[in-house]
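Here's the letter readout for the chains.
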Amino acid sequence: MTAHAAAVSIRQVSKTFGQGGTTALTGIDLEVQPGEFISLIGPSGCGKSTLLRVIGDLTEPTSGEALVGGKSAHQARLDRDYGMVFQEATLMDWRTIRKNVSLPLEMMGWDRVRRQERVRELLQLVELSGFEDHHPWQLSGGMQQRVAIARALSFSPSLMLMDEPFGALDEMTRDRMNIELLRIWEATRATVVFVTHSIAEAVFLSSRIVVMSARPGRVQRIVDVDLTYPRTNETREDPRFFELATEVRELLRESHGARETV
Amino acid sequence: MRRVGHELGDWVPAAVVAVLVLVGWQVAIDVFDIQKFLLPKPTEIASAFWGQRSELWPAGWYTFTEAFWGFVCGCGFGIASALVLARFRAVGSALMPYFIAASAVPIIAFAPIANAWFGIEKGSKIFIAGMLCFFPVLVNTLRGLTSVRPSQIELMRSYAAGNVAIFRRVRIPTALPYLFSSLKVASVLAMIGAIVGEYFGGSQQQLGILIKNSAALFQFETAWAAITVACLLGIAFYLLISLVEHVTMRWHPSARRAQT
């Protein structure tokens, strides 16, 4: 692993499902620097979730390669270099919140005292202290997703892969979660690769937005977001925010024709 | 959220129904002059139940132990097979159609042959009870083990978990609700298997033989008292499994009333 390795480096990645089946991704090149917050946005079918899974070594590219911190994605997964958050919180119903958060730590062989200590810190970070002994079904959707984020952060990975984590939440909860996520990101300095199909969410969160187009999935343009951090509710009312959102919207429309509204 | 049967007060209507049925039964036999071989009075059954308790309960216990060991063997093999089939999916797909076909076979039909295979004493009854338990437990457990959400598998793989860890931490806990519902069914089937197996022969000290012989000798109160013993043991067995389920799955939403 070299000292100046990119956090994520994707080289000519293509992915075809089945033999001669649908092409999900074609010729993707992307470099993500450490500490960046990158969003992948695009219409459904553009392969953004597939790309995230290639980075996480949860699916293999048909050709090309993905490097994480200079290592192969496979090695990075075995080394537990990234934390993953899905659209559904994917909590284990039979585990308490405490045990859900400490699941990866258990698997890494942390002893009980250290695990407890870490869970306490994390639940404080996601503002869920006091819910240690609750079960997932006793929590709201937003709270469950915060537990999932705490779990992904538990072993302090340098990379977070997030697949539409707030896609199932109502808009007000989502806005609040966005602010919380930025706070957590600034506190941990992790690199984030974030899949979304909300333009406002992508602009609000990201330092760069990768706009993708569908059939076959490819990178259409990368938009630099020059809004300063920390971002607040006022950021959403900044004229620059609207300009950027409009730019992304037009790129998506271009790639997609007038068939669908975005 | 209040469900029927949760508060003590909810049991009052059920108790009233029980009393009404028993009283109606008692009265109806006199009013309609029903013959004893068709249906004895509850009081007659009760007096046989009490008077012959030294004969009934040992017979009941004997039958229960057959059902119990049949349950243990049948469920044990069922769970073990499900684990193997879930682990080796190819074997599972190859064998599953036969298991489903076999589960439709009326196992009871094998009872007379089981006597030849496993002896006329306990062995043959345990075999029948076990066979009846095996298929529902196998099919349900396998369904539980394989109905894990794909994202949970991906999550585990993101922690570099291998198949064994995924099995232990995701598949088995997911399968527990399925397993327990099949174990409850199996507890009932085991009692049925043991008693029906006994109809095809064995020593005096068992419920099936007692019911058959009493009926043949026109001792219908005794037969009904023996049936009552079988019911009580069957219900106790079922409740025992439910209790284990409740203790094991405290986390399950259905095991608790809403609280946040």
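Thresholds applied
Residues numbered from 1 in each chain as written. Chains lettered and ligands numbered in written order. Predicted model: local features only at pLDDT ≥ 70, side-chain atom pairs only at ≥ 80, totals over all residues. Helix = DSSP H or I, 4+ residues; strand = E, 2+ residues; numbered from the N terminus. Contact = placed C-beta atoms within 7 Å. Rg over C-alpha atoms; globule rule 2.2 N^0.38 Å. Buried ≥ 20, exposed ≤ 12 C-beta atoms within 10 Å, placed from the backbone. Pairing = 2+ DSSP bridges. Axes fitted to C-alpha atoms, helices over the stretch in contact; angles between N-to-C directions. Parallel < 35°, antiparallel > 145°, perpendicular 65-115°, else oblique. Left-handed = near helix turned anticlockwise from the far one by under 90°. Nonpolar A, V, L, I, M, F, W, Y, C, P; charged D, E, K, R; others polar. Core = buried A, V, L, I, M, F, W, Y, C linked by C-beta atoms within 7 Å. Expected span 1.5 Å × (residues − 1). Arc of directions from axis to C-beta.

Participant: I tried to follow the overall build of chain B on my own but got confused; where do I start?
Facilitator: In terms of helices and strands, chain B carries 10 helices and zero strands. Secondary structure elements of chain B occur, N-terminal to C-terminal, as α-α-α-α-α-α-α-α-α-α. With the principal axes as the frame, chain B shows a C-alpha extent of 75 × 55 × 30 Å. Counting contacts in chain B only where the partners sit at least 6 residues apart, residues at least 24 apart contribute 76% of the total.

Participant: Even after reading the chapter, I still don't get the overall build of chain A, so can you show me in this structure?
Facilitator: Looking only at helices and strands, chain A features nine helices and 10 strands. For a compact globule of 262 residues, the expected C-alpha radius of gyration is about 18 Å, and chain A comes in at 18 Å, within 12% of that figure. Seen through its principal axes, chain A has C-alpha atoms that stretch 55 × 45 × 35 Å. Out of the 262 residues in chain A, the part that is buried amounts to 43%. In chain A, 69% of the contacts between residues at least 6 apart in sequence involve partners at least 24 apart.

Participant: What am I meant to see in the sheet that holds strand 2 (residues 23–32) of chain A here?
Facilitator: One key point about sheets: their strands pair by backbone hydrogen bonds, in either a parallel or an antiparallel sense. As summarised here, the arrangement of the four strands in space is 2-1-4-5 (chain A), forming an open sheet in which the pairing is antiparallel. Only two strands of the sheet have a single partner each, and these edge strands are strand 2 and strand 5 (71–72) of chain A.

Participant: Hey, could you run me through the sheet that holds strand 7 (residues 159–163) of chain A in this one?
Facilitator: Residue and element names in this part refer to chain A. With mixed pairing, the six strands of this open sheet are ordered in space as 6-7-8-3-9-10. At either margin of the open sheet sits one strand with a lone partner, and together these are strand 6 (82–85) and strand 10 (218–224). Across the sheet, the mean angle separating the axes of adjacent strands is 15° when strand polarity is ignored. Note that strand 9 (residues 208–213) and strand 10 share six bridges and pair antiparallel. Its bridge partner being in strand 10, Ile209 is matched across the sheet by Val223.

Participant: For this particular structure, what's the right way to read the pairing of strand 9 of chain A?
Facilitator: The two faces of a sheet get side chains in turn, since along a regular strand they alternate between them. Residues and elements named next belong to chain A. Most of strand 9 sits out of view: five of its six residues are buried. Relative to strand 9, strand 3 (residues 37–41) is paired through four bridges, and the arrangement is parallel. Across the sheet, Ile41 pairs through a bridge with Val211, a residue of strand 9. Counted between consecutive antiparallel strands, the loop separating strand 9 from strand 10 contains four residues, among which Arg215 sits at a positive phi close to 45°.

Participant: It is not clear to me how the environment of Phe118(B) should be interpreted in this structure. Could you clarify?
Facilitator: Residues and elements named next belong to chain B. Mapped onto the elements of the fold, Phe118 is located in helix 5 (residues 111–118). Judged by local crowding, Phe118 falls into the partly exposed class, with 16 C-beta atoms found within 10 Å. When residues no more than four places from it in sequence are discounted, the contact partners of Phe118 are Gly123, Ser124 and Phe127.

Participant: Got a minute to help me understand the interface of chain B and chain A in this structure?
Facilitator: At the junction of the two partners, chain B supplies 15 residues and chain A supplies 18 residues. Listed by contribution, the elements that provide at least two residues to the side of chain B that touches chain A are helix 7 (150–158) and helix 8 (163–199) of chain B. Per-element accounting of the side of chain B that touches chain A gives the leading share, six residues, to helix 7 of chain B.

Participant: Got a minute to help me understand the packing of helix 9 (residues 207–216) of chain B against helix 10 (residues 220–248) of chain B in this structure?
Facilitator: Residue and element names in this part refer to chain B. It is the contact of helix 9 with helix 10, at a shortest axis distance of 7 Å, that shows an interaxial angle of 160°. Here helix 10 runs roughly antiparallel to helix 9, going by the angle between their axes. Considering how the two elements wind past one another, helix 9 and helix 10 form a crossing that is left-handed. Counted together, Leu207, Leu210, Ile211, Ser214 and Ala215 of helix 9 and Phe220, Thr222, Ala223, Ala226, Ile227, Val229 and Ala230 of helix 10 form the full contact between these two elements. Residue classes in the contact of helix 9 with helix 10 are distributed as 10 nonpolar, two polar and no charged.

Participant: Looking at this model, I keep getting lost on the environment of Ile120(B). Mind explaining?
Facilitator: Residues and elements named next belong to chain B. Here Ile120 is to be found in the loop between helix 5 and helix 6 (122–146). For the pair formed by Ile120 and Glu198, sequence separation is 78 residues and the distance between their alpha carbons is 8.7 Å. In contact with Ile120, other than residues within four places in its own chain, are Asn115, Gly201 and Gly202.

Participant: What exactly am I supposed to notice about the nonpolar core here?
Facilitator: Soluble, globular proteins show a tendency: their nonpolar side chains are buried together. Membership of the largest hydrophobic core comes to 75 residues, with the highest contact counts inside it found for Ile55(A), Val68(A), Met160(A), Leu161(A), Val192(A), Val193(A) and Val248(A). Per element, the largest residue contribution to this core is six residues, and it comes from helix 6 (residues 141–153) of chain A. With residues near it in sequence (within four places) discarded, Leu161(A) still touches Leu52(A), Ile55(A), Gly56(A), Tyr82(A), Met84(A) and Val193(A). In terms of nonpolar packing, the next biggest core, distinct from the first, is built from 54 residues, Ile45(B), Phe49(B), Leu189(B) and Met191(B) among them.

Participant: What am I meant to see in helix 6 of chain A here?
Facilitator: Turn by turn, an α-helix covers 3.6 residues, leaving residues three or four places apart pointing in a common direction. All names here are of chain A. Taking 1.5 Å per residue, 13 residues should reach 18 Å; helix 6 reaches 19 Å between its end C-alpha atoms and fits that length. Of all 13 residues that make up helix 6, 10 are buried, and the element is covered over most of its length. All buried positions along helix 6 are accounted for by Gln144, Gln145, Arg146, Val147, Ala148, Ile149, Ala150, Arg151, Ala152 and Leu153. In the core, the buried residues of helix 6 are packed alongside strand 6, helix 3 (97–101), helix 4 (103–107), helix 5 (112–125), strand 7 and helix 7 (171–188).

Participant: Help me understand helix 7 of chain A, please; the structure alone is not making it clear to me.
Facilitator: Residues and elements named next belong to chain A. Helix length check: helix 7 (18 residues) gives 25 Å between terminal C-alpha atoms against 26 Å at 1.5 Å per residue, within 8%. Among all positions in helix 7, only Arg174, Asn178, Leu181 and Trp185 are buried. Down the axis of helix 7, the sector holding all buried residues measures 70°, keeping them to one side. Across from the buried face of helix 7, at angles greater than 90 degrees, the exposed residues are Met172 and Ala187. As for helix 7, its buried residues are in contact with strand 3, strand 8 (191–196) and helix 8 (199–205).

Participant: Even after reading the chapter, I still don't get the pairing of strand 1 (residues 8–16) of chain A, so can you show me in this structure?
Facilitator: All names here are of chain A. With six bridges connecting them, strand 1 and strand 2 associate as antiparallel partners. Bridging across to strand 2, Val13 finds its partner in Ile28. Two elements, strand 1 and strand 4 (residues 63–68), share five bridges in a ladder whose sense is antiparallel. Opposite Ile10, over in strand 4, you have Ala66 as the bridge partner.

Participant: Help me out: how do you make sense of the environment of Tyr62(B) in this one?
Facilitator: Residue and element names in this part refer to chain B. Within the element layout of this structure, Tyr62 appears in helix 3 (residues 53–87). Here Tyr62 falls in the buried class, since 23 other C-beta atoms lie within 10 Å of it. Expressed as a C-alpha distance, the spacing of Tyr62 and Gln205, which sit 143 residues apart in the sequence, is 7.0 Å. Among all residues touching Tyr62, those that are not within four sequence positions of it are Gln205 and Gln206.

Bear in mind that shape data such as this cannot, by itself, settle questions of function.
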